[in-house]
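# Commentary on secondary and tertiary structure
Residue-level listing of the chains:
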Amino acid sequence: MRGLWGHRNARLFLAGQILSTFGDSALWLAMGIWVKMLTGSASAAGLAFFMLTLGTLTGPLGGVLADRLRRRPLLIAANLATAALVLLLLLVHDRDQVWLVHLVMFGYGVSAGVLGPAQVALQQSMLPEELFAGANSALQTAQSGMRLVTPLLGAGLLATLGATPVILGDVLTFLVAVAALAAVRIREDRPVPSERHWLAEAAAGARHIGRTRPLRQLALAGALAVTAFGLCETVFFAVVAKGLHRPDTFLGVLVSVQGVGAIAAGLTAGALVRRYGEGRLVALGLACGTLAFLLLTPSSTPAVLAGSALLGASMPWLNVGIMTLFQRRTPAELMGRTDAALGLLLSTPQSVAVALGAALIAVTDYRLLLLLMAALMALAAVFLLTRPEHRRPAPPEPPTVAP
C-alpha cells in the first residue's frame, strides 16, 4: 500500500474515483425513497432502480468508446455530462415530475456503462502491473466502507433537508473526480480507428475472454458465484423473519456486519494476490461464501452474524482476484470492451437469479435455497482449484496484442 499511495497518478486517480463512488452510493437509495415519498407508490420507487439497471445494459457500447477514444478525456466528458444530468433532478417538485427521476436514473446507468470500462482501462494503462492488486484492493475496501454509511447519509439528508443537498453533493463528487483526472499525468496515444462493424467491435471483449483460458475459467466461476448472490437477495428476509424470529429492521445489522467483513477482506486482498495468485484468492472467496451460506441456515444469531461477516469478506476477494487477472492478461487496447463484457456476463445471471429467488422463496424452504447457494459456491471453488492455471500463482507475463 505504501508503494500504491506513493505513486502520484494512483493517489489522484483513486481519490477521485472513491469520492465519486461516495456520491453514487448516497444518491441511488435516496432517489428510490424520494420517489416513494412523492408518489406513495412502492412500484414507482422500484421502477427507479429498474431504470438504473436498464441503463447499465449499454455497457458493451461503453466498452467500445473506452477502447476507441482516449480514456482520460472520455472520463472527464462523461463525468461532466453526468453532473449536468443529475442537476435536472432539481426540477422535480411533485409526483408529476417523477418521470424525470426515472429518466435521470436511466442516464445514470448509461453513464456507469461508460465510466466503468474507461476507469478500469485507464487504471491498467496508468499503473505498473505490480500495483494492480493494491489498487483494486483499495477500491474494494473503500467501497465496502462507504456501503456502511452513505446509504444512511443519503436517506438522512433526504429526510431532514430534502433532496437538494443529496443532488448537489453528488454533482460535487463528479466535479472533484474531473479535477483529479485533469491532474493525472499520462500521455495517451490516439487509438487507431477500426474498420470493423461496431457490433463486432463490441463483441471483441467477449471473444478475448472466450479464447483466454484463465479468464474464461474465472468468468465461469464468477457467474456461478453471482447466481448464488442473486438468490440471496430475498433469502435474507426469510433468515431474519423465519430463522431468527426478529423484526425486518434486524436486516440492517446483518448488512453492517457484512460491511465489516468486506472491509477486513479488502485490506488483505492485495497481499493475498501477491502471495497466492488471483485464481486461488478467488477460490478462497468462493470457499468463504460456501461456509457463509451454511452458517445462515441454523436459527442461531451468532451463527448468522458469523455467516454475514464471511459473506461480506468473500466479495472483495472475488472481485480483486478476478479484476487483477483480467487487467494482467488483457491488452490495453481491449481492456474497456473486456471489462464491459465481463460485467454483462456477470450481471445477467445475477439479475435472473434475483427474480428466480423472489419466486422460489414463496414456495420453498429458505434453508434449501441456502444449501443450493452453498453448493453453487463450492462447485465454483472446486472447479477453479482443479484447473492447473489456478492451482499456483502464475508468473507475470505481458498480455498478448489483440488482433
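All residue numbers refer to positions counted from 1 along the written sequence of the respective chain. Local features in this predicted model are restricted to residues of pLDDT 70 or higher, and side-chain atom pairs are both shown and tallied only at a pLDDT of 80 or more, whereas totals for entire chains, interfaces and linings draw on every residue. As a rule here, side-chain values cover all heavy atoms of the structure and leave hydrogens and water aside.

Turning our attention to the layout of surface pockets. Gaps between atoms show up when a probe of the same size as a water molecule is rolled over them. Buriedness for pockets is judged along seven lines, at least five of which must meet protein on both sides within 12 Å for an open set on the 1 Å grid over protein atoms alone, while cavities are sets there where a 1.4 Å probe fits but cannot get out, and lining residues have an atom within 4 Å of a point. Grid points are joined across faces, edges and corners, and a volume is the space filled by probe spheres set on the points. As a volume, the second largest pocket reaches approximately 340 Å³. Lining the second largest pocket are 16 residues, with Arg-71, Asp-189, Pro-191, Ala-332 and Glu-333 positioned closest to its centre. Per element, the largest residue contribution to the lining of the second largest pocket is three residues, and it comes from helix 4 (residues 59–68). Helix numbers and strand numbers start at the N terminus; a helix is a DSSP run of H or I with at least 4 residues, a strand a run of E with at least 2.

What is meant by a nonpolar core is a set of buried Ala, Val, Leu, Ile, Met, Phe, Trp, Tyr and Cys residues, joined one to another through side-chain atoms within 4.5 Å. Here the term buried applies to any residue with accessible area under 20% of the maximum for its type, exposed to any over 50%, and partly exposed to those in between, with areas from a 1.4 Å probe on protein chains only. Within the largest apolar cluster, 52 residues are counted, with the highest numbers of intra-cluster contacts made by Val-235, Leu-286, Phe-293, Phe-326, Leu-342, Leu-370 and Met-373. Looking at this core, the elements that each hand over two or more residues are helix 6 (98–126), helix 11 (213–243), helix 12 (250–276), helix 13 (278–295), helix 14 (301–328), helix 15 (335–360) and helix 16 (366–385). Any two residues whose heavy atoms approach within 4.5 Å at even a single point are treated as in contact. Not counting residues up to four positions away in its chain, the partners in contact with Met-373 are Ala-228, Leu-231, Cys-232, Val-235 and Phe-293. Counting residues in hydrophobic clusters, the runner-up holds 48 residues, among them Leu-14, Ala-66, Val-101 and Ile-186.

Here we come to the environment of Val-92. By secondary structure assignment, the location of Val-92 is in the loop between helix 5 (71–87) and helix 6. The class of Val-92 is buried, set by a relative accessible area of 5%. With near-sequence residues (within four places) excluded, Val-92 lies in contact with Trp-34, Leu-38, Gln-97, Leu-100 and Val-101.

Quick look at the side chain of Asn-9 now. Tracing the backbone through its elements, the reader meets Asn-9 in helix 2 (residues 8–39). Take Asn-9: its relative accessible area is 9%, and that puts it in the buried class. In contact with Asn-9, not counting residues within four places along its chain, are Met-126, Val-184 and Arg-185.

Before going further, it helps to examine empty space enclosed by the protein. In this structure the tally under the stated criterion is one cavity of 30 Å³ or more. For the largest cavity, the calculated volume is near 80 Å³. In terms of lining, the largest cavity is formed by Phe-13, Gly-16, Gln-17, Ser-20, Leu-75, Asn-79, Gln-119, Ala-177, Ala-180 and Leu-181. Taken together, the elements giving at least two residues each to the lining of the largest cavity come down to helix 2, helix 5 and helix 8 (163–183). Tallying contributions element by element places helix 2 first for the lining of the largest cavity, with four residues.

In what follows, salt bridge is the name for a side-chain nitrogen of Lys or Arg lying within 4 Å of a carboxyl oxygen of Asp or Glu. Using the criterion set out here, one finds five salt bridges in the structure. Between Asp-67 and Arg-337 there is a salt bridge, with its nearest N and O atoms 2.7 Å apart. Of this pair, Asp-67 sits in helix 4 while Arg-337 sits in helix 15; the two residues are 270 residues apart in sequence, bridging distant segments of the chain. According to the relative accessible area criterion, Arg-337 is buried, its value standing at 4%. Residue Arg-367 is joined to Asp-365 by a salt bridge in which the shortest nitrogen-to-oxygen separation is 3.8 Å. One salt-bridge network, in which partners are shared between bridges, spans Asp-67, Arg-71 and Arg-337.

The convention used is that axes are lines fitted to C-alpha atoms, helices contributing only their stretch in contact, and that angles between N-to-C directions extend from 0 to 180 degrees. It is at 8 Å that the axes of helix 6 and helix 15 come closest, and there the two elements cross at 130°. Considered as vectors, helix 6 and helix 15 are oriented oblique to each other. Relative to helix 15, helix 6 is oriented so that their crossing is right-handed. Residues Gly-116, Pro-117, Val-120, Ala-121 and Gln-124 of helix 6 form the contact with helix 15, whose participating residues are Met-335, Gly-336, Asp-339 and Ala-340. Here the term charged refers only to Asp, Glu, Lys and Arg, the term nonpolar to Ala, Val, Leu, Ile, Met, Phe, Trp, Tyr, Cys and Pro, and the term polar to all other amino acids, Gly among them. Within the contact of helix 6 with helix 15, the residues separate by chemical class into five nonpolar, three polar and one charged. Relative orientations are named as follows: roughly parallel for angles under 35 degrees, roughly antiparallel for angles over 145 degrees, roughly perpendicular for angles from 65 to 115 degrees, and oblique for any other angle. For a crossing to be left-handed, the near helix must be turned anticlockwise from the far one by less than a right angle; the clockwise case is right-handed.

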